[in-house]
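# Residue-level structural notes
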Amino acid sequence: MCGIVGFIGEEQAAPILLDGLARLEYRGYDSAGVAVYDRENNALSVHKAKGRLKVLSDLLQGGAAVEGTIGIGHTRWATHGAPSDVNSHPQVSQRGKIAVVHNGIIENYAELKAFLLANGVEFRSETDTEVIAQLIEYFYRGDILTAVNRVLHRIQGAYALGILCVDTPDQLIAVRKDSPLILGYGDGCSFLASDVTAIIRHTREISYMEDGEVAVLTRTGIQCYDHLMQPVQKEVVRVDWEIDAAEKGGYEHFMFKEIMEQPDALRRCISPRIRDGEVFFEDFVFDADYIRNIDRIFIVACGSSYHVGMVGKYTLERLTRKPVEVSLASEFRYMDPIIDERTLVVVISQSGETLDTMAALREARRLGAKILSIVNVVGSSIARESDQVLYTWAGPEIAVATTKGYTTQLAMVDLLGLYFARVLGTIQPEEYREVLTGLSELPEKMERVLQDRDGVQYLASQYFNHRSIFFVGRNLDYALGLEGSLKLKEISYIHSEAYASGELKHGTISLIEDGTLVVALGTYGKLFEKAMSNVVEVKSRGADVLALTTESRREEMARTANAVITIPDVSDILLPSLGVVPLQLFAYYVALMNGCDIDKPRNLAKSVTVE
Ligand code: F6R
């Protein structure tokens, strides 16, 4: 959701900016733009275009057409004002002195705009961002940093900003509040970006900006200031993942690559957490007393991460015998949750930047809870604001639809459940060993599931033209169905819904008619018979049933369902981790056969940094 790149150095800026923006495309956007300082004319050279980045890039011959060695770039995901050339960023002030790129929302922009209009400022766009550019120019008396600082005292909301001023062509300004922004240190050059993928080709030395910080970037270095404009020394960290991790590496789509990467991602997530037959978390801050004292666990997350939470409820309640509530972060904020210092809030987020999840975390902390987060992106906002972070180490996830993010989050919930259960004495040693061994064998079993992908592809070819699909299951299979259904609808645009099978007869079954496709999830052994009776129920109303079950139940299921996909038998708790893989593949192939833009589904953004 909105991508920002900034560069100052000796090389031509525009190609670097466009390349950086291309790496941020996965975040989701509807228009793009760059502003570069044009020394010859002592002016800002601004180029913007609605649509794919390619439109802008073709216009600028890949950047070659724009002279200048300092600039800012942006991919916009429209919030205030429709996608259009004029609403794209950078937004430029009336006299052309200031250009701004912005990720986030300025909540009081209407009030500020009215103030500026009353003072004779003319606006060109409908964006909240133009207000920032105009306001900086309004306060500008020759010292850009002072003007920016005055504006920061007036704007409310969430923002990451890149600012370029025509009078200070040897510096870029970066600002962060509640929207991610990183700084990159190069040789004779400096960068700012929404995330590491945009600049990793140029530098691996980065700093994470904190809320309220302002940074001044020059060719020779970066100086950061806190919200009182006192200089701060930033910690420089080295990014250790390989560039290939953020490239397609021969695959047609990132989503497919990331599906195939899951066994390795799981190995990275699980192996270091098992030592001498025990779950091991390095520097874990919650001691046995604290764990025993927890009287309730609250899981908060959005989208697929919330679906992990739905599985997590089963897993954690079963293993720890503590009550677990799962809440959508966007609802949690406003529901006046019953939380106190004996509540552990588990926050799940791949990006670590989802605004609703972040707001829920802060609300939980305000109410006295401790926060444990399960996050993929190292150094992200959620990770940094948690009492304890467990990184999933899935590597960069570029496709909008999460896959390896989801499966590694699940594995982390399983590890956490086992760890707590051991401390609490709520698990028998045999079960502990069985699940832990199952977890360490998961990557290999997942490889087997992935090897069977041709079968899933064939089934997708049989069903890809259905316009409405139902996923049904009970208990763990219901939670799995939620994710299977989301995966399918978000990338293929086919209407699909997940139901708890027992609910069919309370309404949904009236939608079943001849030829309706029902994906019946029957992996959970304990409820297999129930799953079978639901299959019979929908078949007798004309549904086509595509069933998912374990290898040991294939024959039984095949007697009734039209088609069956199987996964290896594993401990109950681990079933969703394997079961989701054929559902991801099914969604992928169906979307492919429908000619959809798989990695960048319409209207969606990878990292949702607005409410
Ligand atoms: C769906 C998907 C989204 C995310 C959701 C939360 O495939 O990726 O539903 O799960 O936007 O994102 P994170 O986990 O980054 O907080």
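Everything numeric in this text was worked out from a predicted model, so none of it was measured.

## Considerations on the overall build of the protein chain
For the protein chain, the helix and strand inventory stands at 19 helices and 27 strands. In terms of C-alpha radius of gyration, the protein chain reaches 25 Å, essentially the compact-globule figure of 25 Å for 611 residues. When the backbone C-alpha atoms are referred to their principal axes, the protein chain occupies close to 75 × 55 × 45 Å. The 611 residues of the protein chain split such that 61% are buried. Long-range pairs, those at least 24 residues apart, make up 73% of the contacts in the protein chain with a sequence separation of at least 6. Accessible surface for the protein chain amounts to roughly 23,100 Å². Of this, 47% is attributable to carbon and sulfur atoms.

## Some details on unusual backbone geometry
For the bond running from His89 to Pro90, omega is 0°, close enough to zero to count as cis. Tracing the backbone through its elements, the reader meets Pro90 in the loop between strand E4 (70–76) and strand E5 (91–92). Phi at Asp178 is positive, roughly 65°, even though this residue is not glycine. Position of Asp178 among the secondary structure elements: in the loop between strand E8 (172–177) and strand E9 (182–185).

## Points about the pairing of strand E3 (residues 43–50)
Strand direction decides the pairing type here: strand E2 (residues 31–38) and E3, joined by 8 bridges, are antiparallel. Bridge pairing in E3 links Gly33 to Lys48. The hairpin formed by E2 and E3 contains 4 residues between the paired strands, and Asn42 there has a positive phi angle of roughly 45°.

## Re the sheet that holds strand E25 (residues 517–522)
Read from one edge to the other, the open sheet built from 5 strands follows the order E24-E23-E25-E26-E27, with strand pairing classed as parallel. A strand with exactly one partner marks an edge of an open sheet, and here the two such strands are strand E24 (495–500) and strand E27 (563–567). Here the average twist between neighbouring strands, direction ignored, is 20°. Sheet topology note: the E25/strand E26 (residues 544–550) ladder contains 6 bridges and is parallel. Residue Leu517 lies in a different strand from E26, and its bridge partner there is Asp544. In this fold helix H15 (residues 453–463) packs onto E25, E26 and E27, with an angle of close to 150° to the strand it touches most, E27. Along the sheet face, helix H17 (residues 528–539) touches E25 and E26 and points at about 170° away from the line of E25.

## Let's talk about the domain arrangement of the protein chain
Entries for the protein chain in the domain assignment read domain 1 (3–240), domain 2 (254–449) and domain 3 (453–593). Using C-alpha coordinates to define each centre, domain 1 is positioned 34 Å away from domain 2. In this complex, domain 1 contributes 10 residues to the contact, which on the side of domain 2 involves 12 residues. Carbon and sulfur atoms supply 50% of the area buried between domain 1 and domain 2, which totals about 820 Å² over both sides. Counting the surface domain 1 buries against domain 2, the share from its top three residues, Tyr26, Asp178 and Tyr208, is 54%. At the junction of domain 1 with domain 2, the criterion picks out 3 salt bridges. Between Arg384 and Glu210 there is a salt bridge, with its nearest N and O atoms 2.8 Å apart. Viewed at the interface, domain 2 and domain 1 are joined by 5 residue pairs in polar contact (both at pLDDT 80 or more). Of the residues that constitute the side of domain 1 that touches domain 2, the class distribution is 5 nonpolar, 1 polar and 4 charged.

## Describing the packing of helix H7 (residues 262–270) against helix H14 (residues 429–451)
How two helices pack is summed up by the angle between their axes together with the distance between the axes. Contact geometry of H7 with H14 gives a least axis separation of 8 Å together with a crossing angle of 175°. With respect to H14, the axis of H7 lies roughly antiparallel. Along the contact surface, H7 presents Gln262, Pro263, Leu266, Arg267 and Ile270, while H14 presents Leu439, Leu442, Pro443, Glu444, Met446, Glu447 and Leu450. Among the residues forming the contact of H7 with H14, the class breakdown is 8 nonpolar, 1 polar and 3 charged.

## Observations regarding the sheet that holds strand E21 (residues 370–375)
Spatially, E19-E18-E20-E21-E22 is the arrangement adopted by the 5 strands of the open sheet, whose pairing is parallel. Every other strand in the sheet has two partners, leaving strand E19 (324–328) and strand E22 (388–391) as the edge strands with one partner each. The sheet shows a mean angle of 20° between the axes of neighbouring strands, taken without regard to direction. As paired strands, strand E18 (residues 296–301) and E19 are joined by 5 bridges and run parallel to one another. Each bridged residue has a counterpart across the sheet, and for Ile297 the counterpart in E19 is Val324. Helix H9 (residues 303–320) rests against E18, E19 and strand E20 (343–349) of the sheet, and its axis sits at about 175° to E19.

## Focus: the environment of Ile259
Structurally, the position occupied by Ile259 is in helix H6 (residues 254–260). For Ile259, a relative accessible area of 0% translates into the label buried. Sequence spacing of Ile259 and Glu282 is 23 residues, and the spatial spacing of their C-alpha atoms is 28 Å. Contact partners of Ile259, with chain neighbours within four places excluded, come to Thr403, Leu450, Gln584, Leu585 and Tyr588.

## Side note on the environment of Val345
Turning to its location among the elements, Val345 is positioned in strand E20. Looking at Val345, the relative accessible area reads 0%, which means it is buried. Beyond its immediate sequence surroundings of up to four residues, Val345 is in contact with Phe298, Val300, Ile339, Ala364, Ala369, Lys370, Ile371 and Leu372.

## Concerning the packing of helix H16 (residues 476–492) against helix H19 (residues 575–593)
Look at H16 against H19: their axes get within 9 Å of each other, and the N-to-C directions meet at 20°. What the angle tells us is that H16 and H19 run roughly parallel. When the axes of H16 and H19 are compared, the crossing they make is right-handed. On the side of H16, the interface is formed by Leu476, Leu480, Glu483, Gly484, Lys487, Leu488, Ile491 and Ser492, while H19 contributes Pro576, Gly579, Val580, Leu583, Gln584, Phe586, Ala587, Tyr588, Val590 and Ala591. Taken together, the residues of the contact of H16 with H19 sort by class into 12 nonpolar, 4 polar and 2 charged.

What counts and what doesn't
- Residues numbered from 1 in each chain as written.
- Predicted model: local features only at pLDDT ≥ 70, side-chain atom pairs only at ≥ 80, totals over all residues.
- Heavy atoms only, no water.
- Helix = DSSP H or I, 4+ residues; strand = E, 2+ residues; numbered from the N terminus.
- Rg over C-alpha atoms; globule rule 2.2 N^0.38 Å.
- Buried < 20%, exposed > 50% of the residue type's maximum accessible area, 1.4 Å probe, protein only.
- Contact = heavy atoms within 4.5 Å.
- Areas by Shrake-Rupley, 256 points an atom, 1.4 Å probe, with all protein chains shown as cover.
- Pairing = 2+ DSSP bridges.
- Axes fitted to C-alpha atoms, helices over the stretch in contact; angles between N-to-C directions.
- Domains from an automatic or database assignment.
- Buried area = accessible area lost by both parts, 1.4 Å probe.
- Salt bridge = Lys/Arg side-chain N within 4 Å of Asp/Glu carboxyl O.
- Polar contact = N/O pair within 3.5 Å; in protein donor to acceptor, adjacent residues only side chain to side chain.
- Nonpolar A, V, L, I, M, F, W, Y, C, P; charged D, E, K, R; others polar.
- Parallel < 35°, antiparallel > 145°, perpendicular 65-115°, else oblique.
- Left-handed = near helix turned anticlockwise from the far one by under 90°.

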